[in-house]
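Below are the chains, spelled out letter by letter.
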Amino acid sequence: MNTQWDALRGLERQNRDRRILSLFDAPDRAQVFSAQTGDMLFDYSKTNIDTETRDALIALADAAGVAEKRDAMFSGAAINDTEGRAVLHTALRNLDGDPVMVDGQDVMPGVLDTLDRMRAYARQVRDSGITDVMNIGIGGSDLGPAMAYQALSPWADGPRCHFVSNVDGAHIADTLRGLDARTTLVIVASKTFTTIETMTNARTARAWMADQGGDPGAQFAALSTAADLTADFGIPAERVFGFEDWVGGRYSMWGPIGLSLMIAIGPEAFDAFLRGGQAMDRHFQAAEFHENLPVLLALTGVWHAQVCGHASRAVLPYDQRLARLPDYFQQLEMESNGKRVQMDGTPVTVDSGPVVWGAAGTNGQHAFYQLIHQGTRVIPCEFMIAAEGHESDLAHHHQLLVANCLAQSEALMRGRSIEEARARMAEKGLTGDELERQAQHRVFEGNRPSVTLAWPQLDPFTLGQIVALYEHRVFVEGVILGINSFDQWGVELGKELATSLQPVVEGTADAAGKDGSTAALVGFVHRNRG
């Protein structure tokens, strides 16, 4: 693949100083450099990618074997080779039940049976006196359903949902303060049922419920494969929903980890969410690369991060209900592609995944857009917008929101020249050195790239499309980088050290063998707690 990387670097050097705006001299620029599946549009015309660059990026994807590895993933091959596992979160949204084979066995009967059990239990809870559901998990067992619950609040006609993840006692204390133990269902989400943060919070919730008049034996459910541990905790088998090891945590919202969401919005709306993901799967499998949204989104990301060297990207949904989407994508991408070695254990030859961050517009405009517009680092932006909101009586709000979204991407590309800034200052009556000084502050270099993802209106189907789109984007980028996007060994070392430090912090062991800084910090904690 060195040839393809070298060709792309040559194109970047050749076109580095070209103005993106100049590419719109071609009247069909926006149409040629966008793609659509169903009602979802991906526009990447406000980047410095031209036809030659796109062809070179597709050649890179071909050389990396993206199509072959995509087909291997969907077929149930063990593409997570550091753990010897298949990668089949896509099976969780395969509602039509087409066979998916793992080690010679069709996994779909088990997937569909679990989904039917979830539907039945969700209906039971929605028809009961339960008013609130508290999901206790962390990472992929929290970020996905918490994000989706907020995103789909117009469909949330069931019990209210609350999400506890942090082991900081403040998180669960603040959440429990507003709940009635007699009408609250607690869902403990941990595949192994040993995740220390989750189990610490679960034991606290159980003690609270018992103390406040609830019935933990009847008001707890588990999302786990550890049947023995869930039974020991007092949760009967009929309220335990498991999933296989070929479903990674950050890809697990489509199955039992999404139970809280299903309870909130109902099984029918949850099925529509799954259908959206399934539709994106089929598009990813069938569309040619130059029309394939996950591939094009990934190739745009590779162009900006690995070729142009932009170290971060901003995810900017112009939808308040998608406010947690940047957090969700942050885990999806950075835990997946934040790696230092390739599949064969050799160092990666290019920078791996970028820093992913962002916030909902228009709030971000009044927080960090200053740096995006006039800072010294180029930060590619990914805008998201719906054509229509849900509040018909507040349509003027949504029109202003859309105007802001489109204006920001235009401003990033267009900028403002020193000549335009001088003219503005002259209109204000400034002259001489003061005019020049003030004008310099009002220059926008522009030529800053962005892409835009647009859809008619956010609904469960569309959210499913969006999440699956970004999952497949991460997969394609990982294949091109030559890394395994489906393990996360980077989280292990800190966990191990935390386990060894806990007795030191508690005062039941000394800090022998710890570095001077850690020992001193432990000493400070000991001296300053009650």
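Up top is the structure.
In this report, the structure presented in the accompanying data block is examined. Quick caveat: nothing in here was measured; it's all calculated off a predicted structure. (Residues numbered from 1 in each chain as written. Predicted model: local features only at pLDDT ≥ 70, side-chain atom pairs only at ≥ 80, totals over all residues. Heavy atoms only, no water.)

### Structural notes on the sheet that holds strand β8 (residues 220–223)
So, point 1. Spatially, β6-β5-β7-β8-β9 is the arrangement adopted by the five strands of the open sheet, whose pairing is parallel. Unpaired on one side and paired on the other, β6 (160–164) and β9 (240–241) mark the two borders of the sheet.
So, point 2. Sheet analysis places strand β5 (residues 132–136) next to β6, joined by five bridges and oriented parallel. If you follow I136 over to β6, its bridge partner there is V164.
So, point 3. Seen against the sheet, helix α7 (residues 169–176) touches β5 and β6 and runs at an angle of roughly 165° to β6. (Pairing = 2+ DSSP bridges. Helix = DSSP H or I, 4+ residues; strand = E, 2+ residues; numbered from the N terminus. Contact = heavy atoms within 4.5 Å. Axes fitted to C-alpha atoms, helices over the stretch in contact; angles between N-to-C directions.)

### Some details on a nonpolar patch on the surface
So, point 1. A cluster of nonpolar side chains, namely V505, F524 and V525, defines an oily patch on the protein surface of about 240 Å² accessible area.
So, point 2. Of note, F524 is situated in helix α20 (residues 516–527). (Patch = residues over 30% accessible without salt bridge, like charges linked within 9 Å, V, L, I, M, F, W, Y side chains within 5 Å. Areas by Shrake-Rupley, 256 points an atom, 1.4 Å probe, with all protein chains shown as cover. Salt bridge = Lys/Arg side-chain N within 4 Å of Asp/Glu carboxyl O.)

### Looking at the sheet that holds strand β2 (residues 40–43)
So, point 1. Spatially, β1-β2-β13-β12-β10-β11 is the arrangement adopted by the six strands of the open sheet, whose pairing is mixed. Here the strands that pair on one side only, and so sit at the sheet edges, are β1 (34–37) and β11 (355–358). Direction aside, neighbouring strands of the sheet carry axes that sit 15° apart on average.
So, point 2. As judged from the four bridges shared by strand β10 (residues 312–317) and strand β12 (residues 381–386), these two strands associate in the parallel manner. Across the sheet, the residue bridging to A314 is C381, located in β12.
So, point 3. Of the strands in this sheet, β1, β2, β10, β12 and β13 (450–455) are in contact with helix α12 (residues 293–307), which crosses β2 at around 25°.

Interpretation note: all reported values are geometric properties and have no functional meaning in isolation.
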